[in-house]
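As a plain string of letters, each chain reads:
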Amino acid sequence: MALLVGTASWTDKTLLECGRFYPASAKSPEARLRFYASQFNLVEVDTSYYAIPSVATAQHWAERTPEGFVFNVKAFSLFTGQWTSTDVLPKDIRQALGAGRRLVYKDLAEELRAELWQRFAACLAPLQADGKLGLVHFQFSPKVSRHPAAVAHIEHCLERLPGHTLSVEFRHPSWWENAEATAETLAMLRALAVVHTIVDGPQGSAHSVPGIWETTHPQHTLLRLHGRNAQAYATPARTAAERFDYAYTAGELQALAQRFEPMARSVKYAHAVFNNCMEDKAQLNARAFRALLARRG
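Residue numbers here run from 1 along each chain, matching the order of that chain's written sequence. Under the rules for a predicted model, residues below a pLDDT of 70 receive no local features and side-chain atom pairs below 80 are neither given nor counted, while totals for whole chains, interfaces and linings still include all residues. The side-chain quantities take in all heavy atoms of the structure and omit both hydrogens and water.

Visitor: I'd like to hear about the packing of aromatic side chains, residue by residue, with values.
Guide: Here the aromatic set is Phe, Tyr and Trp, taking the six-membered ring for Trp, and pairing holds for ring centres within 6.5 Å; pairs whose planes are under 30 degrees apart are stacked, those over 60 apart are edge-to-face, and all others are tilted. By the definition in use, this model includes 26 aromatic pairs. Between F21 and F35 the ring centres are 5.3 Å apart and the planes differ by 70°, which places this aromatic pair in the edge-to-face class. Linking F21 in the loop between α1 (13–18) and α2 (29–39) with F35 in helix α2, this pair joins segments that are 14 residues apart in sequence. Ring geometry for Y36 and F69: centres 6.2 Å apart, planes at 85°, overall edge-to-face. A residue pair is termed long-range when its members are at least 10 positions apart, and Y36 in helix α2 and F69 in the loop between α4 (55–63) and β3 (70–74) qualify at 33 residues. Comparing Y36 with F69, the two get one shared label, buried. Aromatic rings pair up to connect F76, F79, Y105, W117, F120, F138, F140, F170, W175 and W176 into one cluster. The ring of Y49 carries K74 above its face, with NZ or CZ at 4.8 Å from the centroid. Here the guanidinium or amino end of R243 rests over the ring plane of Y233, the centre of that ring lying 4.3 Å away. In this text, helices come from DSSP runs of H or I with a minimum length of four residues, and strands from runs of E with a minimum of two, each type numbered from the N-terminal end. When a residue's accessible area, from a 1.4 Å probe over protein chains only, is under 20% of the maximum for its type it is buried; when over 50% it is exposed; and in between it is partly exposed. For a lysine, the NZ atom is tested; for an arginine, the CZ atom; a charge sits over a ring if that atom is within 6 Å of the ring centre and within 35 degrees of the ring normal.

Have a look at this one:
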């Protein structure tokens, strides 16, 4: 078993501004990534959700991290049912469509869809070639409900990314609304060899995701931890850091480690990503969680 523990992003604005995680000497993007990779063996690339990274950028990531380091890469927003501005598309595609437009995936002509998939796959290639690509993570829009069309789209994503392992995080409650729906969702993911995302997050709002502690892939399991700030999650927030502003207690981490450890032992790669991204809360919790799992091992 390879235990992979890290955080969602290594360049969040509040993390840099708090000044507690990076040493004063880590002033450049290269220095920060090298330092991060000396502390953890996993990071989730968050920027790829907002815009497709260049191949050169991904090559730099591969070059600046040691052997055994793993990048989980979030899928581009347009592929996940999210409204996306043409302003974040590659320059030539943005010019073809016109700036300042908001669209969803079905609004694009097939040739433009294919081009965007090709460019996204190209940015994964340097990481894959270096043995540092983990999961390609699809965090679907809360508007994506349980429906045959959504399943067909997941199959479409798999076809567009052959040779990659996809993880899926559903945020519409219909996927888990009762025992029957949950069983059907898990069966579908197993049949497609897609990694189910175990979510630990705020409860009590319309879009809260229950923690479904199951694995659906023979080699990977994924736990993503969003904190438990129910008040912030249920109200509009200016930034992701505000939305997930939460520090897990020692007791909460102990309970999570106790539940995660047997699942981690059942697979080859066990991923735990802390997304409570206000200041250095994710980094502190990830370190503590890794230590708890190590003691249990």
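Once you've had a look at it, read on.
Visitor: Which residues make up the layout of surface pockets, and what values go with them?
Guide: There is about 720 Å³ of room inside the largest pocket. Cavity means a closed set of points on a 1 Å grid over the protein atoms alone, one where a 1.4 Å probe fits but cannot get out, pocket means an open set with protein on both sides within 12 Å along at least 5 of 7 lines, and lining means a residue has an atom within 4 Å of a point. Y49, Y50, K74, Q139 and R171 are, among the 32 residues lining the largest pocket, the residues nearest its centre. Secondary-structure elements contributing two or more residues to the lining of the largest pocket are α3 (47–50), β4 (84–85) and α10 (240–243). Three classes are used, and their members are as follows: Ala, Val, Leu, Ile, Met, Phe, Trp, Tyr, Cys and Pro are nonpolar, Asp, Glu, Lys and Arg are charged, and the others, Gly among them, are polar. For the lining of the largest pocket, the per-class residue count stands at 13 nonpolar, 11 polar and eight charged. Grid points are joined across faces, edges and corners, and a volume is the space filled by probe spheres set on the points. If you add up the space inside the second largest pocket, you get close to 390 Å³. If you go around the second largest pocket, you meet 17 residues; those closest to its centre are T80, G81, Y105, V144 and H153. Residues that form the lining of the second largest pocket fall into these classes: nine nonpolar, five polar and three charged.

Visitor: So what's going on with the pairing of β3? Residues and values would help.
Guide: Among the five residues of β3, five are classified as buried, and the element is accordingly described as predominantly covered. Side chains V70, N72 and K74 of β3 all project onto a buried face; the interleaved residues F71 and V73 project onto the opposite face, where all are buried too. For two strands to pair, DSSP has to find at least two bridges joining them. Of the pairings in the sheet, the one linking strand β2 (residues 42–45) to β3 comprises four bridges and is parallel in character. Opposite V43, over in β3, you have F71 as the bridge partner. Inspection of the sheet shows β3 paired to strand β6 (residues 133–139) by three bridges, in the parallel sense. When the bridges of β6 are listed, K74 appears paired with H137.

Visitor: Explain the sheet that holds β2 residue by residue, including any values.
Guide: Spatially, β1-β2-β3-β6-β7-β8-β9-β10 is the arrangement adopted by the eight strands of the closed barrel, whose pairing is parallel. Neighbour to neighbour, the strand axes of the sheet diverge by 25° on average, direction disregarded. With two bridges joining them, strand β7 (residues 165–169) and strand β8 (residues 195–200) adopt parallel strand pairing. Across the sheet, the residue bridging to V168 is H196, located in β8. The axes used here are C-alpha line fits, helices contributing only the stretch in contact, and every angle between their N-to-C directions lies in the interval 0 to 180 degrees.

Visitor: Tell me about the pairing of strand β1 (residues 2–8), and name the residues and values.
Guide: Both faces of the sheet carry side chains from a regular strand, because those side chains alternate between them. Burial runs high along β1: five of the seven residues are buried. The sheet contact formed by β1 and strand β10 (residues 269–274) spans six bridges and is parallel. Counterpart to L3 in the pairing with β10 is A270. Inspection of the sheet shows β1 paired to β2 by three bridges, in the parallel sense. Bridged to A8 within β2 is E44.

Visitor: Account for the side chain of S174, naming residues and giving values.
Guide: Position of S174 among the secondary structure elements: in the loop between β7 and α8 (179–192). Other than its neighbours up to four places away in sequence, S174 contacts S145, R146 and A181. Only heavy atoms enter the contact rule, under which two residues are in contact if any of them lie within 4.5 Å.

Visitor: Go over the pattern of salt bridges with me, naming the residues and quoting the values.
Guide: In what follows, salt bridge is the name for a side-chain nitrogen of Lys or Arg lying within 4 Å of a carboxyl oxygen of Asp or Glu. Counted by the stated rule, this structure contains 21 salt bridges. For R20, the salt bridge goes to E279, with nearest N and O atoms at 2.8 Å. Highlighted residues: R20 in the loop between α1 and α2 and E279 in the loop between β10 and α12 (281–296), separated in sequence by 259 residues. The exposure class assigned to E279 is partly exposed, which follows from its relative accessible area of 30%. Between R265 and E261 there is a salt bridge whose closest N-O contact spans 2.3 Å. Placement of the pair is R265 and E261 together in helix α11 (residues 250–265), with a separation of four residues, close to one helical turn. Residue E261 is classed as buried on the basis of its relative accessible area of 15%. Each of R20, E279 and D280 takes part in a single network of salt bridges with overlapping partners.

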